[in-house]
Amino acid sequence: MAILLSISLPGQQTAQPAPAANAANTPASMSWTAVQDHQNMMDQLGIKALRPGPNGNETAPNHANYDESTANPFPNLPDVLTLKNGKKVTTAKMWWNQRRPEIVEDFDREVLGRVPKNVPKVTWTVTNTITATVAGRPVIGKALTGHVDNSSFPAITVDIQMTLVVPADAKGPVPVMMMFGGRGLPGLQPPGAGGGFGGFGGPAGRGAPGAAGRGGPGAPGTPPAPGGQVPPAGGQAASAGAPPAGGRANMAAAMAAMNGGDPPSTDQLIADGWGFAGINPGSLQADNGAGLTKGIIGLVNKGMPRKPDDWGALRAWAWGAARGLDYLQTNKTVDSKKVGIEGVSRYGKAALVTMAYDTRFAVVLIGSSGEGGAKLHRRNWGEAVENLTGTGEYHWMAGNFLKYGASDATFGSKNPGDLPVDAHELIALCAPRLTFVSYGVPEKGDAKWLDHQGSFMAAIAAQPVFRLLGAKDLGRSDDYKTEKMPPVLEGLLNGQLAWRQHDGGHTDGPNWKYFIPWADKFWKRTYTPVPLAKSGSN
């Protein structure tokens, strides 16, 4: 029997039903290409020309910079603990009541966009329940659909797809790691394997991750061509299309290889007594500009184009994760005080945004997030602000973000140094909760394009907020201009703010065996895990 749960975010207004419409008078959403939508936003902002973003091909005339001596044209970051009136923040109360709201407002208005106050309520339905075995342990898996009330604009339907898997023999509520990118139920077809999001049915491949952004897997050290595949949540191999020849055995071998020989993250979580959830970002909002008049953004805007401070895809995906947490808080098998969020690449950006905005999430694993994620916007290294303001990636951000790539506009021109905030402040919004920044190495495919050092600098610059709120930091000085990343495989894991660069590629797979005990330690969680084989299976 289906279980229904109707949840609205506190402070939000439920959309009022529109008058009944028939096929003849139901309005349709605007159908534009990304180029048309992008131009519309430029017109709204008075932008006549944008600077082109650097090319990831190092032989191209406009190739990205990889010279550290010219990587910091805007060396001074906004002070994370100074109010706009110049007053220093010296207490936790000043942070929560004054400085944090200032930073959130700047990200809302200029970078990520605002979540509208009238986003409709979500009703969760359990559509399938199974029993299976993961890591040698019995588990219970549920497939869920979160239907967003579309009575205000029936032309757009948004059904959030999520799965939840927990140990069947748990003696109480368990921590749960929510993962962006989709996650099928154990024993059923994985996302993109021809059966939809595992356990749901529906269009083939609907649960498969979208095309990777630059900085995804490809030739070592270089960004892939558009359309390359991004790893799904948990560092597992992407499954676009049918599983490889040889079936599940070969799939398990591929996953183990990607994870540095370790079992899949799902096996490691279940073996340690955690549960895991998978949420499909594509069921919330398309990963392209043409989709901005559809999905949850289009539904709220009734099929019309965005305004400059409207939310982009990153905020939309984060909103969906928050609605997933609404459901998890009602599930008695879940320890709702120990729910985390994870993602890799563009979904690493989304995981950081989710954690920054929703303080109910207790822990985050930010995988290879790059520009728009943990990397400083002000850095001139690899992917740049100008890449995010182009037609291929602008949909992640607020329309206003385009201003910072403008070379000619009614307001003149702006550059990344004009941004009122930067990535260190997004990381600081996660404080004092558990925040783990993960990267791989360029030699294995975690491209230089991502700017690992620029992300480390951002983490360094976020340290004062963690300390102010009583948490431990990376154990380094606060001098982000001189601090350098520790050697590969040398983690900084003694604080609630953590960093580790593994020796694999564009995945967080090899860091899970460090992430799980790190979180357990800070939660003072004792658990005797089930021994795992070297190559696990689902």
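Residues numbered from 1 in each chain as written. Predicted model: local features only at pLDDT ≥ 70, side-chain atom pairs only at ≥ 80, totals over all residues. Heavy atoms only, no water.

### A word on the overall build of the protein chain
Logical step 1: A tally of regular secondary structure across the protein chain gives eleven helices and twelve strands.
Logical step 2: Total accessible area computed for the protein chain in this model is approximately 19300 Å², and 55% of it derives from carbon and sulfur atoms. (Helix = DSSP H or I, 4+ residues; strand = E, 2+ residues; numbered from the N terminus. Areas by Shrake-Rupley, 256 points an atom, 1.4 Å probe, with all protein chains shown as cover.)

### Things to note about the nonpolar core
Logical step 1: The biggest cluster of nonpolar side chains holds 108 residues, and the ones touching the most others in it are W95, I296 and L328.
Logical step 2: At ten residues, the largest contribution of residues to this core is made by helix α6 (residues 313-328).
Logical step 3: Counting residues in hydrophobic clusters, the runner-up holds 28 residues, among them V134, I270, A362 and A498. (Core = buried A, V, L, I, M, F, W, Y, C linked by side-chain atoms within 4.5 Å. Buried < 20%, exposed > 50% of the residue type's maximum accessible area, 1.4 Å probe, protein only.)

### Concerning the confidence of the model for the protein chain
The predicted coordinates should not be examined in detail at positions where pLDDT is low.
Logical step 1: Here the protein chain shows a mean pLDDT of 85. Residues at 70 or above account for 80%.
Logical step 2: Segment residues 1-24: pLDDT under 50, and 46 contacts once partners within four positions in sequence are set aside and those in other chains are kept.
Logical step 3: Confidence over residues 189-248 falls short of pLDDT 50; this stretch has 165 contacts with residues more than four positions distant or in other chains. (pLDDT = per-residue confidence, 0-100. Contact = heavy atoms within 4.5 Å.)

### A closer look at the packing of aromatic side chains
Logical step 1: Across all of its chains, the model carries 15 aromatic pairs by this definition.
Logical step 2: With a centroid separation of 5.7 Å and an interplanar angle of 35°, the aromatic rings of Y439 and W499 are classed as tilted. Placement of Y439 in strand β11 (residues 434-439) and of W499 in strand β12 (residues 497-501) is noted, with a sequence separation of 60 residues between them. Across the pair, W499 and Y439 agree in class, each one buried.
Logical step 3: When the ring centre of Y66 is taken as reference, the NZ or CZ atom of K448 above it lies at 4.5 Å. (Phe/Tyr/Trp six-rings, centres within 6.5 Å; stacked < 30°, edge-to-face > 60°. Lys NZ or Arg CZ within 6 Å of the ring centre and 35° of its normal.)

### Considering the pairing of strand β3 (residues 122-134)
Logical step 1: Pairing between β3 and strand β4 (residues 137-148): twelve bridges, direction antiparallel. Each residue of the ladder has a partner; that of V126, found in β4, is L144.
Logical step 2: Counted along the chain from β3 to the antiparallel partner β4, the turn is two residues long, and its residue A135 has a positive phi close to 55°. (Pairing = 2+ DSSP bridges.)

### Concerning the side chain of Q285
Logical step 1: On the secondary structure map, Q285 appears in the loop between β7 (275-279) and α5 (295-300).
Logical step 2: A distance of 2.8 Å separates a polar atom in the side chain of Q285 from the backbone oxygen of G291. (Polar contact = N/O pair within 3.5 Å; in protein donor to acceptor, adjacent residues only side chain to side chain.)

### A few points about unusual backbone geometry
Trans peptide bonds make up most of the peptide bonds, and negative phi angles are found at most residues other than glycine.
Logical step 1: Of note, the bond from A431 into P432 is cis; its omega dihedral lies within 30 degrees of zero at 0°.
Logical step 2: Relative to the elements of secondary structure, P432 occurs in the loop between α9 (423-428) and β11.
Logical step 3: Positive phi values are uncommon outside glycine, yet A135 reaches one of about 55°.
Logical step 4: On the secondary structure map, A135 appears in the loop between β3 and β4.
Logical step 5: In the Ramachandran plot, S345 falls in the positive-phi region, its phi being about 65° despite a non-glycine side chain.
Logical step 6: Relative to the helices and strands, S345 resides in the loop between β8 (334-344) and α7 (346-357).

### Describing the environment of D37
Logical step 1: Residue position: D37 is located in helix α1 (residues 34-45).
Logical step 2: The buried category is assigned to D37, whose relative accessible area is 4%.
Logical step 3: Measuring from C-alpha to C-alpha, the distance between D37 and T293 comes to 8.9 Å, with 256 residues separating the pair along the chain.
Logical step 4: Discounting residues that sit within four places of it in the chain, D37 has contacts with W32, G289, L292, P305 and Y394.

### So, α6
Logical step 1: Over its 16 residues, α6 runs 23 Å from end to end, which matches the ideal 22 Å to within 8%, given 1.5 Å per residue.
Logical step 2: The buried fraction of α6 is high, at 16 of 16 residues. (Expected span 1.5 Å × (residues − 1).)

### Looking at the packing of α6 against α7
Logical step 1: For the pair α6 and α7, interaxial distance at closest approach is 8 Å and the crossing angle is 60°. Here α6 lies oblique to α7, going by the angle between them. For the element pair α6 and α7, the recorded crossing hand is right-handed. Contact residues: α6 offers L314, R315, W317, A318 and A321, while α7 offers R346, Y347, K349, A350, V353, T354 and Y357.
Logical step 2: Residues belonging to the contact of α6 with α7 are distributed by class as follows: eight nonpolar, one polar and three charged. (Axes fitted to C-alpha atoms, helices over the stretch in contact; angles between N-to-C directions. Parallel < 35°, antiparallel > 145°, perpendicular 65-115°, else oblique. Left-handed = near helix turned anticlockwise from the far one by under 90°. Nonpolar A, V, L, I, M, F, W, Y, C, P; charged D, E, K, R; others polar.)

### Some words on the pairing of strand β6 (residues 174-180)
Side-chain direction in a regular strand flips from residue to residue, so the side chains alternate between the two faces of the sheet.
Logical step 1: Of all seven residues in β6, seven are buried; the element is thus mostly enclosed.
Logical step 2: In this sheet, β8 lies alongside β6 in parallel orientation, the contact comprising five bridges. The partner of M178 across the bridge, within β8, is I341.
Logical step 3: With five bridges joining them, β6 and β7 adopt parallel strand pairing. Bridge pairing in β7 places F180 opposite I279.

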